[in-house]
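# Structural characterization, general
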Amino acid sequence: TDISEFHTVPSEALDFIEFVNSAPSPFHAVEESRLRLIDAGFEEIRERDSWIGKLKQNGKYFFTRNRSTILAFSVGGKYIPGNGFSMIGAHTDSPCLKVKPVSKKSSAGYLQVGVETYGGGLWHTWFDRDLGIAGRVMVETEGNKIEHKLVRVRRPILRVPTLAIHLDRNVNEGFKFNKETHLTPLIATATKELEGTNDDKTLKHHPTLLNVLVNELGVKTVEQIRDFELCLYDTHPSTVGGAYNEFIYSARLDNLMMSYTALI
């Protein structure tokens, strides 16, 4: 056996790893796809604009909707309106834990972030992971406009802990948990809670979480954050593994693998 086999990694696998590591949330997956399409020579258009006279034969175009959906298409050189076409579809979302609209929780001296399960996940695998958050935030600008901004906290600020073995001797016989009460990550100790105002946002979410978002987004005040949709994700990056580098170890394979193959 050629020893080089142990080190060779297909370029396609490395490119996919780059894609999935750049897409911790569906919104990031759409943005990464948008950037790749632009690099491939696609022109970005908007649904609200007229396409009359804009679409040309041999043209390549795409548009996004709500920053969570992206649709790309190319027009054949011999295409005539009314002809058929081929299409492929995939979804950019994956099973995950999402921050609840009202996430402020605490227990036993710890601040917690209320989450809900999204999709058909293997929820026991989310325990004892280094979790960050990613998604989109609606931010009010100085001109009183609402802007969509992507946010990604790369450091592990959340963790769903399990009990030490001497506190749960039967855990190896069957790990059972309540998704509402046990699958709730910690974000800080209660002594670290930041002082906040008694507005609706503070009542719904810990000031600690909101201030993390403020720092990541580079906005001036918590009041600028009007709403958000955030996913939890494992900060450990996806990678290629196995003795012959023939496996991909990654979260979000369902469904970023299909999103990637449709894109390329």
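Presented here is a report on the structure given in the accompanying data block. As the structure is a computational prediction, the values presented were derived from the model and not from experiment.

## Some remarks on unusual backbone geometry
Across the junction of D254 and N255, the peptide omega takes the value 20 degrees, indicating a cis bond. With respect to the helices and strands, N255 occurs in helix 5 (residues 253-263). In this model, D128 sits at a positive phi of 55 degrees, which is unusual for a non-glycine residue. Owing to a relative accessible area of 37%, D128 belongs among the partly exposed residues under this scheme. The backbone of N245 shows a phi angle near 55 degrees, a positive value even though the residue is not glycine. Following the sequence through the fold, N245 ends up in the loop between strand 10 (239-241) and strand 11 (247-249).

## Remarks on the packing of helix 1 (residues 11-21) against helix 2 (residues 26-39)
Helix 2 packs onto helix 1 with a crossing angle of 130 degrees between their chain directions and a minimal axis gap of 9 Å. Compared by their axis directions, helix 1 and helix 2 come out oblique. The residues of helix 2 that touch helix 1, namely those facing D15, E18 and F19, are A29, E32, S33 and R36. Grouping the amino acids of the contact of helix 1 with helix 2 by side-chain chemistry returns two nonpolar, one polar and four charged.

## Points about the side chain of E32
Position of E32 among the secondary structure elements: in helix 2. Using a relative accessible area of 15% as the deciding quantity, one classes E32 as buried. When sequence neighbours within four positions are dropped, the list of residues in contact with E32 reads F19 and S22.

Cut-offs used in this document
- Residues numbered from 1 in each chain as written.
- Predicted model: local features only at pLDDT ≥ 70, side-chain atom pairs only at ≥ 80, totals over all residues.
- Heavy atoms only, no water.
- Helix = DSSP H or I, 4+ residues; strand = E, 2+ residues; numbered from the N terminus.
- Buried < 20%, exposed > 50% of the residue type's maximum accessible area, 1.4 Å probe, protein only.
- Axes fitted to C-alpha atoms, helices over the stretch in contact; angles between N-to-C directions.
- Parallel < 35°, antiparallel > 145°, perpendicular 65-115°, else oblique.
- Contact = heavy atoms within 4.5 Å.
- Nonpolar A, V, L, I, M, F, W, Y, C, P; charged D, E, K, R; others polar.

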